[in-house]
Amino acid sequence: METVSRCKNLIGATVYVDESRTELKQGEEYVKLKNMFGYAEIGFIIHWEDGKVHCSDDPAIVFDDAHVEYWQNGAPHNSRKNANGQRMPAILSDYMAIEEYWDNGKQISNPNR
């Protein structure tokens, strides 16, 4: 399956603060990147825990243009349910027009259909 994840290169990656690889990335940071054409910038907040993209309660990655990704333990994942008992998507893009469902780093079909 194709994905709209903007951080798929981080799936399973462990990120260190320093080149000597002694300190794992922790906390949150705001990052700005140029788009694929190299001129427009977009910013995002990314949450780290023990060197992996992770946030237990909220999205782990939130872009300025409302693209949102839920990650746990270094992989896209969201097993939470909405008020109707339906599983919530792990990735929301294009102002919520695109929804992707992920289970521990594996993209799955919409389980609510």
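Higher on the page you've got the structure.
Residues numbered from 1 in each chain as written. Predicted model: local features only at pLDDT ≥ 70, side-chain atom pairs only at ≥ 80, totals over all residues. Heavy atoms only, no water.

(A) Quick peek at the overall build of the chain. Summing up its helical and strand segments, the chain has zero helices and 10 strands in all. Traced from its N-terminal end to its C-terminal end, the chain shows the element sequence β-β-β-β-β-β-β-β-β-β. Against the globule reference of 13 Å for 113 residues, the chain gives a C-alpha radius of gyration of 14 Å, in line with a compact fold. Overall size of the chain, expressed as C-alpha extent along the three principal axes, is 45 × 35 × 25 Å. Out of the 113 residues in the chain, the part that is buried amounts to 35%. In the chain, 35% of the contacts between residues at least 6 apart in sequence involve partners at least 24 apart. Total accessible area computed for the chain in this model is approximately 7,100 Å², and 48% of it derives from carbon and sulfur atoms. (Helix = DSSP H or I, 4+ residues; strand = E, 2+ residues; numbered from the N terminus. Rg over C-alpha atoms; globule rule 2.2 N^0.38 Å. Buried < 20%, exposed > 50% of the residue type's maximum accessible area, 1.4 Å probe, protein only. Contact = heavy atoms within 4.5 Å. Areas by Shrake-Rupley, 256 points an atom, 1.4 Å probe, with all protein chains shown as cover.)

(B) Up close: the nonpolar core. Counting residues in hydrophobic clusters, the biggest one holds 12 residues: Cys-7, Leu-10, Val-15, Phe-44, Ile-46, Trp-48, Val-53, Cys-55, Ala-60, Ile-61, Phe-63 and Trp-71. Those elements that place two or more of their residues in this core are strand S2 (41-49) and strand S4 (61-63). With three residues, the top contributor of residues to this core is S2. Apart from the residues within four sequence positions on either side, Trp-48 is in contact with Leu-10, Val-15, Lys-25, Gln-26, Gly-27, Glu-29, Val-53 and His-54. (Core = buried A, V, L, I, M, F, W, Y, C linked by side-chain atoms within 4.5 Å.)

(C) Examining the pattern of salt bridges more closely. A complete count under the given rule lists five salt bridges for this structure. Notably, a salt bridge pairs Glu-41 with Lys-32, separated by 3.8 Å at the nearest N-O pair. Where salt bridges share partners, they join Lys-32, Lys-34 and Glu-41 into one cluster. (Salt bridge = Lys/Arg side-chain N within 4 Å of Asp/Glu carboxyl O.)

(D) Focus on the side chain of His-47. The residue His-47 is located in strand S2 in this model. Leaving out residues up to four positions away in the same chain, His-47 has contacts with Gly-27, Glu-28, Lys-52, Val-53, His-54, Cys-55, Pro-59 and Ala-60.

(E) The state of the cysteines, seen in detail. Under the definition given, this model contains zero disulfides. Cys-7 takes part in no disulfide bond, and the closest cysteine sulfur, belonging to Cys-55, lies 14 Å away. Classification of Cys-7 by relative accessible area gives buried; the value is 5%. (Disulfide = S-S within 2.5 Å.)

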